[in-house]
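Examination of the molecular architecture
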Amino acid sequence: MQRDIFLIGASQTKFGELWGKSLRDLAEEAVGKAIADASCLPTAIDAVIVANMLAETANNQAHLGAMVSSLLPHRPPALRVEAACASGSVAVHTACALLESGRAQTILVLGLEKMTDIPGETIACALMGAADAEEDQPSGLTFPGIFGLIANRYMHEHYLTRDELNLVSATHHLNAAENPYAHFQNPIDPEDVEKSPIVADPLHVLDCSPVSDGAAACILSTHTASQVRLAASQLAHDTLSITKRPSITSFRATKDAAKKAYAEAGVTTKDISHIEHHDCFSIAAVINLEDLGFAEKGKGIEWYKNSTTHYSLLTTHSLNSSGGLKSCGHPVGATGVKQIIEIGKKLKEEKTQWGLAHNFGGACATCCVTILENTAVSP
Ligand code: COA
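Sequence order as written defines the numbering, with residues in each chain counted from 1. Local features in this predicted model are restricted to residues whose pLDDT is 70 or higher, and side-chain atom pairs enter the listing and the counts only when it is 80 or higher, whereas totals over whole chains, interfaces and linings include all residues. To get the side-chain values, take all heavy atoms of the structure and skip hydrogens and water.

By volume, the largest pocket amounts to about 540 Å³. Taken together, 28 residues line the largest pocket, and the ones lying closest to its centre are Leu-127, Pro-144, Ser-209, Val-211 and Phe-281. Where helices and strands are cited, they refer to DSSP runs of H or I of at least four residues and of E of at least two residues respectively, numbered from the N terminus. Contributing elements (two or more residues each) for the lining of the largest pocket: α5 (120-127) and α6 (143-158). Considering each element in turn, the lining of the largest pocket owes the most residues, 4 residues, to α5. For the lining of the largest pocket, the per-class residue count stands at 20 nonpolar, 7 polar and 1 charged. Both cavities and pockets are sets of points on a 1 Å grid over the protein atoms alone; in a cavity a 1.4 Å probe fits but cannot get out, in a pocket the set is open with protein on both sides within 12 Å along at least five of seven lines, and lining residues sit with an atom within 4 Å of a point. Grid points are joined across faces, edges and corners, and a volume is the space filled by probe spheres set on the points. Here the nonpolar group is Ala, Val, Leu, Ile, Met, Phe, Trp, Tyr, Cys and Pro; Asp, Glu, Lys and Arg are the charged ones; every other residue, Gly included, is treated as polar.

Glancing now at the site of the ligand. Not every one of the 14 residues close to the ligand is listed here, only the nearest: Phe-184, Val-205, Cys-208, Ser-209 and Lys-326. Distance and chemistry together define a polar contact, namely a pair of N or O atoms within 3.5 Å, with one atom able to donate a hydrogen and the other to accept it when in protein, and with adjacent residues in sequence counting only for side-chain atoms on both sides. With respect to the ligand, the backbone of Val-205 contributes an N or O atom lying 3.5 Å from a nitrogen atom. Contact between the ligand and Lys-326: a nitrogen atom at 2.9 Å from a side-chain N or O atom of the residue. Only the protein chains shown count as covering a residue, and every accessible area follows the Shrake-Rupley method with a 1.4 Å probe. Taken by itself the ligand offers 920 Å² of open surface, and the protein chains cover 58% of this. Classifying every residue of the shell around the ligand by side-chain character gives 11 nonpolar, 1 polar and 2 charged. Near, as used in this document, describes a residue that has one of its heavy atoms within 4 Å of the molecule or strand being considered.

On to the state of the cysteines, then. Cysteine sulfur atoms are paired as a disulfide whenever they fall within 2.5 Å. Going through the model one piece at a time under the given rule, you end up with 0 disulfides. Cysteine Cys-125 remains unbridged, with the sulfur of Cys-85 as its closest cysteine sulfur at 15 Å. Note on exposure labels: buried denotes an accessible area under 20% of the residue type's maximum, exposed denotes more than 50%, and partly exposed covers the range between, all computed with a 1.4 Å probe on protein chains only. Note on Cys-125: relative accessible area 58%, which makes it exposed.

Another aspect to go through is the nonpolar core. Among buried residues, those of type Ala, Val, Leu, Ile, Met, Phe, Trp, Tyr and Cys that are joined through side-chain atoms within 4.5 Å constitute a nonpolar core. Among the nonpolar cores identified, the biggest contains 65 residues, and Phe-143, Phe-147, Ile-283 and Ile-371 are the most heavily contacted of them. Broken down by element, this core gets its largest block of residues, 7 residues, from α6. Throughout, a contact is declared for two residues whenever any of their heavy atoms are within 4.5 Å. Ignoring any residue separated from it by four or fewer positions in sequence, one finds Ile-283 in contact with Phe-147, Ile-150, Ala-151, Tyr-154, Leu-160 and Leu-165. Core analysis: the next-biggest nonpolar cluster, separate from the first, contains 35 residues, Ala-95, Ala-182, Ala-216 and Cys-368 among them.

Another point: the pairing of strand β12 (residues 366-374). Along β12, 9 of the 9 residues are buried, which leaves the element largely enclosed by surrounding structure. Judged from the 9 bridges that link them, strand β8 (residues 228-237) and β12 form a sheet pairing that is antiparallel. By the bridge assignment for β12, Leu-235 is matched with Cys-368. The criterion for strand pairing is that DSSP finds at least two bridges linking the strands in question. Two elements, strand β11 (residues 354-361) and β12, share 8 bridges in a ladder whose sense is antiparallel. Directly across from Leu-356, in β12, lies its bridge partner Ile-371. Linking two consecutive strands that pair antiparallel, namely β11 and β12, is a turn of 4 residues; a positive phi of about 60° is found at Gly-362 within it.

A word on the pattern of salt bridges. We define a salt bridge as a side-chain nitrogen of Lys or Arg found within 4 Å of a carboxyl oxygen belonging to Asp or Glu. Enumeration over the complete set of coordinates arrives at 19 salt bridges. The salt bridge involving Lys-297 is made with Glu-290; its shortest N-O contact spans 2.6 Å. Its relative accessible area of 37% is what places Lys-297 among the partly exposed residues. Of the charged contacts in the structure, one is a salt bridge between Glu-302 and Lys-305, with a shortest N-O distance of 3.3 Å. In this pair, Glu-302 and Lys-305 are both assigned in helix α11 (residues 302-305), 3 residues apart and thus about one turn of the helix distant. Note on Glu-302: relative accessible area 23%, which makes it partly exposed. Beyond isolated ion pairs, a larger network of salt bridges with shared partners links Asp-4, Arg-229 and Glu-373.

What follows deals with the sheet that holds strand β4 (residues 106-114). Spatial ordering of the open sheet is given by β3-β2-β4-β7-β1-β8-β12-β11-β9-β10, a layout of 10 strands whose pairing is mixed. Unpaired on one side and paired on the other, β3 (78-81) and β10 (318-319) mark the two borders of the sheet. Judged from the 9 bridges that link them, β4 and strand β7 (residues 213-221) form a sheet pairing that is antiparallel. Bridge pairing in β7 links Gly-111 to Ala-216. Helix axes are fitted only over the stretch in contact, all axes being lines through C-alpha atoms; the angle between N-to-C directions runs from 0 to 180 degrees. Against the sheet, helix α4 (residues 87-101) contacts β1 (5-12), β2 (47-51), β3, β4, β7, β8, β11 and β12, and its axis sits at roughly 165° relative to β4.

For any two helices packed against each other, the geometry is given by the interaxial angle and the distance between the axes. Look at helix α7 (residues 162-176) against helix α10 (residues 282-291): their axes get within 8 Å of each other, and the N-to-C directions meet at 95°. Taken together, the axis directions place α7 and α10 in an arrangement best described as roughly perpendicular. Packed against α7, whose contacting residues are Leu-165, Val-168, Ser-169 and His-172, the element α10 presents Ser-282, Ile-283, Ala-285 and Val-286 at the interface. For the contact of α7 with α10, the residue count by class is 5 nonpolar, 3 polar and no charged. Put simply, angles under 35 degrees are roughly parallel, angles over 145 are roughly antiparallel, angles from 65 to 115 are roughly perpendicular, and the rest are oblique.

Rendered as structure tokens:
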């Protein structure tokens, strides 16, 4: 970062099926709570960035920058960022660029998605806009289908068993039980995962993140300091279609973004105490931990199997403490912002120094890795 960028305010709405709330209601709630959390005047915000993927299809609403700007009395300049499920973190990345350039000093980033007002099939088709329209869509694939292929291949290459994979969602559901904003707060047993209805072999309903409504907001500033600063925000890409990649059991964009982010923050994986990673499907969780450098290839599942080895190292360590996408929910534009504010919260609660948020779009064709530092903790 070319300047110190501080996280001065954060908020999220409940994630879930929020039929009683409109897109604007969710925006208003998250924006109002973030401004209150930052203890700043609304007029201190000199730009707004809205992250959203599907509002035209799901809510018949485009032009979200103006919609959110007009919630503030002085109507600051606003823009919308779309990068599929990575929209939230890419919006934060965009905010960092504006703040680093000096174009703005305090920016409100709002991640927003309202997905449950239209039929599930329509949402599944719309989400496929994040895949390749020529290579992937004509076959009728959906994202559960794409990650089903990835899971089958991974299980073949690395002997991952169904029993082991069950542990991922069970862990994330357990974490979400303590998060009042989570879509699902019910703990589940590992065997419940494979007993739930099959969606795309070998993935069952409980291997999948849900279709959710929700919003999350953060206020970033170079003008006002706070305990938590953004130490790195790095973006990387891969082909939209998995058919164009040499391997589907590792995501190059995660590796590239993580490598650049560790260098920018001047840290290694050993320094990181809190991770929020993009578990859109259970198999993605396993792959993410390997690509981020927290596990050797084929060993990502050890984090979930062997909580005593890794987590006991880590009385101060957390992995998807929000419940992840699986259980906190996945209103796609809001997810990346939620991950970043969750890391900020954990750093303050646990008095730890470093945390990492990993957010991707599509089958990891866009990946953004954000590293946050609690400046109140001495090395
Ligand atoms: N985890 C746990 N429970 C879930 C769930 C999930 N992922 N998805 C749905 N449910 C629950 C619902 O809450 C509902 O419970 P209820 O009967 O107690 O109210 C029940 O299952 C049926 O819900 P419904 O919406 O009819 O499910 P569905 O079969 O239409 O959809 C999925 C299930 C898994 C297909 C859907 O959640 C999905 O497509 N997820 C993936 C979303 C996606 O691709 N995101 C982008 C990632 S890259």
